[in-house]
Amino acid sequence: MNSRPVLVLASGSQIRQQLLRNAGVPFEVSVARIDEESVRSALLGEGARPREVADALAEGKARKVSLKRPEAMVIGCDQVLSFEGELVSKAESPEEARALLSRMRGERHKLLSAVVLYENGEPKWRHVGEARLEMNDVSDAYLDAYLARNWDSVRDAVGCYKLEEEGVRLFSRIDGDYFTVLGLPLLPLLAYLSLRGVIAS
């Protein structure tokens, strides 16, 4: 009887790790270091759509770790935010974050979360989840107070919010899977891992 492959998450994201732990999935972590900005810029220069950017970044991370750990099943993930046809990058400062949130309040945007599984240096499965979010028309005073309280937590978050924290108060409507908003389309991933016999079902 074949033993189950080792599952490796190619991400340092604490929320992705927590989601897998909460689901009872055994895994290791090996953070993939890739030049995300260069990859993103090159893809956008070629006219790639947001979901293609998310997928390519997730694949790049999975591939990098899989080449080092060919015996493992490697999970690569990435998330992008699309607003008014533009791919939004992470804010470099509270001022940038405030300008972005000011633009998005009262409007809708999309989050696209990609997950790609690699084995033996080859892609085996992929999925891109999409969620649409509508932001409340929050006041200037609340935005200032929100960022003063939360900047250290959201500085590395796409869109400068975390739905699992106070960021949920920024929104009036969410259409799509909650786990996709958090950055990992968990249900499709669990279904595939179950199908492959990596986790019990």
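If you check an unreviewed UniProt entry, the protein appears there as Nucleoside triphosphate pyrophosphatase from Celeribacter indicus. The UniProt entry for the protein carries the following text under Sequence similarities (unreviewed entry): "Belongs to the Maf family." For the record of the protein, the UniProt heading Cofactor (unreviewed entry) holds the text "a divalent metal cation".

Re the layout of surface pockets
Where empty space is left becomes clear once a probe the size of a water molecule has been rolled over the atoms. Of the voids in this model, the largest pocket is the one considered here, and its volume is about 1000 Å³. Surrounding the largest pocket, 41 residues form its lining, Arg16, Lys90, Asp156, Ala157 and Val158 being those nearest its centre. Ranked by residues supplied to the lining of the largest pocket, first place goes to strand β3 (residues 73-83) with 4 residues. Broken down by class, the residue content of the lining of the largest pocket amounts to 18 nonpolar, 8 polar and 15 charged.

Describing the UniProt feature "transmembrane region" (unreviewed entry) in the protein
As recorded in UniProt, the sites labelled "transmembrane region" (unreviewed entry) are residues 178-199. Secondary structure across residues 178-199 divides into 68% helix and 0% strand, with the first and last C-alpha atoms of the span separated by 22 Å.

So, the nonpolar core
Leu20, Ile75, Leu101, Tyr161, Leu170, Leu189 and Leu193 are the most contacted members of the largest nonpolar core, which totals 48 residues. Ranked by size, the runner-up nonpolar core spans 20 residues in total, among them Ala54, Leu57, Val80 and Ala114.

Overview of the UniProt feature "active site" (unreviewed entry) in the protein
In this numbering, the UniProt entry assigns the feature "active site" (unreviewed entry) to Asp78. Structurally, Asp78 can be placed in strand β3. Using a relative accessible area of 4% as the deciding quantity, one classes Asp78 as buried. With sequence-adjacent residues up to four places away left out, Asp78 is seen in contact with Arg16, Glu36, Ala54, Leu57, Ala58, Lys61, Leu112, Ser113 and Ala114. Among the polar contacts listed, one links the side chain of Asp78 to the side chain of Lys61, at a separation of 2.7 Å.

Thoughts on unusual backbone geometry
A positive phi angle, near 55°, is found at Glu84, a position not held by glycine. Along the chain, Glu84 falls in the loop between β3 and β4 (86-88). A positive phi angle is found at Asn120, which is not glycine, with a value near 50°. Within the fold, Asn120 resides in the loop between β5 (108-119) and β6 (122-135).

Observations concerning the pattern of salt bridges
A pair can form between side chains of opposite charge whenever their charged atoms are brought close. Taken as a whole and judged by the stated rule, the model has 24 salt bridges. Salt-bridge contacts for Glu36 lead to Arg40; the nearest nitrogen and oxygen are separated by 3.8 Å. You can see Glu36 and its partner Arg40 sitting in helix α2 (residues 36-45), 4 residues apart, about one turn around the helix. Overall, Glu36 belongs to the partly exposed group, its relative accessible area being 26%. Put simply, Glu36, Glu37, Arg40, Lys61 and Asp78 are held in one network by salt bridges that share partners.

Structural notes on the packing of α2 against helix α3 (residues 50-68)
Running from amino to carboxyl end, α2 crosses α3 at an angle of 140°, the nearest separation of the two axes being 10 Å. With respect to α3, the axis of α2 lies oblique. As for the relative orientation of α2 and α3, their crossing is right-handed in sense. On α3, the residues that touch Glu36, Val39, Arg40, Leu43 and Leu44 of α2 are Val53, Ala56, Leu57 and Lys61.

Let's talk about the environment of Glu119
With respect to the secondary-structure elements, Glu119 resides in strand β5. Non-local contacts of Glu119, meaning those with residues more than four positions away in its chain, are made with Ser66, Pro70, Ala72, Met73, Lys124 and Arg196. Side-chain polar atoms of Glu119 contact the side chain of Arg196, separated by 2.8 Å.

Each value, and the rule that gives it
Residues numbered from 1 in each chain as written. Predicted model: local features only at pLDDT ≥ 70, side-chain atom pairs only at ≥ 80, totals over all residues. Heavy atoms only, no water. UniProt positions renumbered as here; feature names shortened; annotations may be inferred. 1 Å grid on protein atoms, 1.4 Å probe; cavity = no way out; pocket = protein on both sides within 12 Å on 5 of 7 lines; lining within 4 Å. Points joined across faces, edges and corners; volume = space filled by probe spheres on them. Helix = DSSP H or I, 4+ residues; strand = E, 2+ residues; numbered from the N terminus. Nonpolar A, V, L, I, M, F, W, Y, C, P; charged D, E, K, R; others polar. Core = buried A, V, L, I, M, F, W, Y, C linked by side-chain atoms within 4.5 Å. Buried < 20%, exposed > 50% of the residue type's maximum accessible area, 1.4 Å probe, protein only. Contact = heavy atoms within 4.5 Å. Polar contact = N/O pair within 3.5 Å; in protein donor to acceptor, adjacent residues only side chain to side chain. Salt bridge = Lys/Arg side-chain N within 4 Å of Asp/Glu carboxyl O. Axes fitted to C-alpha atoms, helices over the stretch in contact; angles between N-to-C directions. Parallel < 35°, antiparallel > 145°, perpendicular 65-115°, else oblique. Left-handed = near helix turned anticlockwise from the far one by under 90°.

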